[in-house]
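Remarks on the overall topology
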Amino acid sequence: GINSVTATTYFGTLQTAAQPNITSVGTLGALKVTGVSTLGITSATDLEAQQLSVTGVSTFSDNLNLPDNKKIQLGDSSDLQLYHSVSGSGSTSYIDNNTGPLYIRNNVDNDDGGNIIIEAKSGKASAVFQDDEGVRLYYNDAEKIATTGYGVTVNGTTQTQQLNVSGISTLGNT
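Once a new chain begins, its residue numbering starts again from 1 and follows that chain's sequence as written. In keeping with the predicted nature of the model, local features appear solely for residues at pLDDT of at least 70, side-chain atom pairs appear and are counted solely at 80 or more, and the whole-chain, interface and lining totals rest on all residues. Side-chain measures were taken over the full set of non-hydrogen atoms in the model, leaving aside hydrogen atoms and water.

This part takes up the overall build of the chain. Helix and strand labels come from DSSP, where a helix needs a run of H or I of at least four residues and a strand needs a run of E of at least two; each type is numbered from the N terminus. Looking only at helices and strands, one finds 0 helices and 12 strands in the chain. In the chain, the succession of α and β elements from N to C terminus is β-β-β-β-β-β-β-β-β-β-β-β. In this description, contact between two residues means that some pair of their heavy atoms is separated by no more than 4.5 Å. For the chain, the share of sequence-separated contacts (at least 6 apart) that also reach a separation of at least 24 residues comes to 0%. For accessible areas, the Shrake-Rupley method is used with a probe of radius 1.4 Å. Any residue's cover is judged against the shown protein chains and nothing else. About 14,900 Å² of surface is accessible on the chain, with carbon and sulfur atoms providing 49% of the total.

Here it is, written out as structure tokens:
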């Protein structure tokens, strides 16, 4: 039999010893694709591959769907992982970095509003890291702390166990 096929375009029926006619539905133990490849798979039922090895760039024209408790793992030792875990009646999503620093960057090079916004609840900012400016922290959608060019601004009441002040200070009763 043929051990490998090299082609820029392959049309027709793929035949293997285990399955003589793989046309639209089949299970492969392994499929290795080298170079730029286009697989005409339109749904999960079109092809169920136990292992798909691709050398080169992969481009997806639609969603990449993984079931619960499966991970996107990056790096030789699965150094960075992104996954959604379901256990019992709850579910949690994770970004795990298992080596070195983790940078979250907005790689914009102009002053075009490239802020990083973290929302603990959809539509309500918890933290805004401003492009070339400061950081704003929120409580229940109200800004409470902002870093500025001269220090920090606190909106609302502050409570502290101890306050040490050096230099000039102005305290007022409003």
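This part takes up the pairing of strand β7 (residues 90-97). When DSSP finds two or more bridges between a pair of strands, those strands are recorded as paired. Bridge count for strand β6 (residues 80-87) against β7 is 8 bridges, and the pairing is antiparallel. Among the inter-strand pairings, L82 is bridged to a residue of β7, identified as I95. Counted along the chain from β6 to the antiparallel partner β7, the turn is 2 residues long, and its residue G88 has a positive phi close to 60°.

A few words now on the packing of aromatic side chains. Only Phe, Tyr and Trp rings take part, Trp by its six-membered ring, and two of them pair if their centres are within 6.5 Å. Stacked means planes under 30 degrees apart, edge-to-face means over 60, and tilted covers everything else. Tallied over the entire structure, the rule returns 1 aromatic pair. Sitting over a ring, as applied to charges here, requires NZ of Lys or CZ of Arg to be within 6 Å of the ring centre and within 35 degrees of the ring normal. Above the ring of Y83, the side-chain terminus of K71 is found at 4.6 Å from the ring centroid. Positioned over the ring face of Y103 is R105, at 5.8 Å from the centre of the ring.

With antiparallel pairing, 3 strands are arranged side by side in an open sheet as β5-β6-β7. Only two strands of the sheet have a single partner each, and these edge strands are β5 (71-74) and β7. Taking each pair of neighbouring strands and ignoring which way they run, the sheet shows an average axis angle of 15°. Here an axis means a line fitted to C-alpha atoms, over the contact stretch when the element is a helix, while the angle between two N-to-C directions is reported on a 0 to 180 degree scale.

As for its placement among the helices and strands, Q130 is situated in the loop between β9 (124-129) and β10 (135-139). Under the rule applied, a polar contact is a pair of N or O atoms within 3.5 Å (in protein, one hydrogen donor and one hydrogen acceptor; residues adjacent in sequence only if both atoms are side-chain atoms). Engagement of the side chain of Q130 in a polar contact is seen with the side chain of E133, the distance being 3.0 Å. When sequence neighbours within four positions are dropped, the list of residues in contact with Q130 reads N115, V135 and R136.

On to the sheet that holds β10, then. With antiparallel pairing, the 5 strands of this open sheet are ordered in space as β8-β9-β10-β11-β12. Of all the strands in the sheet, the pair left with one neighbour each is β8 (116-121) and β12 (151-154). Adjacent strand axes in the sheet meet at a mean angle of 20°, parallel and antiparallel pairs treated alike. Pairing of β9 with β10 involves 3 bridges; the strand directions are antiparallel. For F129, the partnering residue across the bridge sits in β10 and is V135.

Take the pairing of β6 next. Relative to β6, β5 runs antiparallel, the two sharing 4 bridges. When the sheet's bridge partners are listed, I72 is paired in β6 with L82. Linkage of β5 to β6, two consecutive antiparallel strands, is achieved through a turn of 5 residues, within which G75 is found at a positive phi near 100°.

A word on unusual backbone geometry. Unlike most non-glycine residues, S78 shows phi in positive territory, near 55°. Inspection of the secondary structure assignment puts S78 in the loop between β5 and β6. Its identity as a non-glycine residue notwithstanding, D132 has a phi of 60°, on the positive side. Looking at the secondary structure, you find D132 in the loop between β9 and β10.

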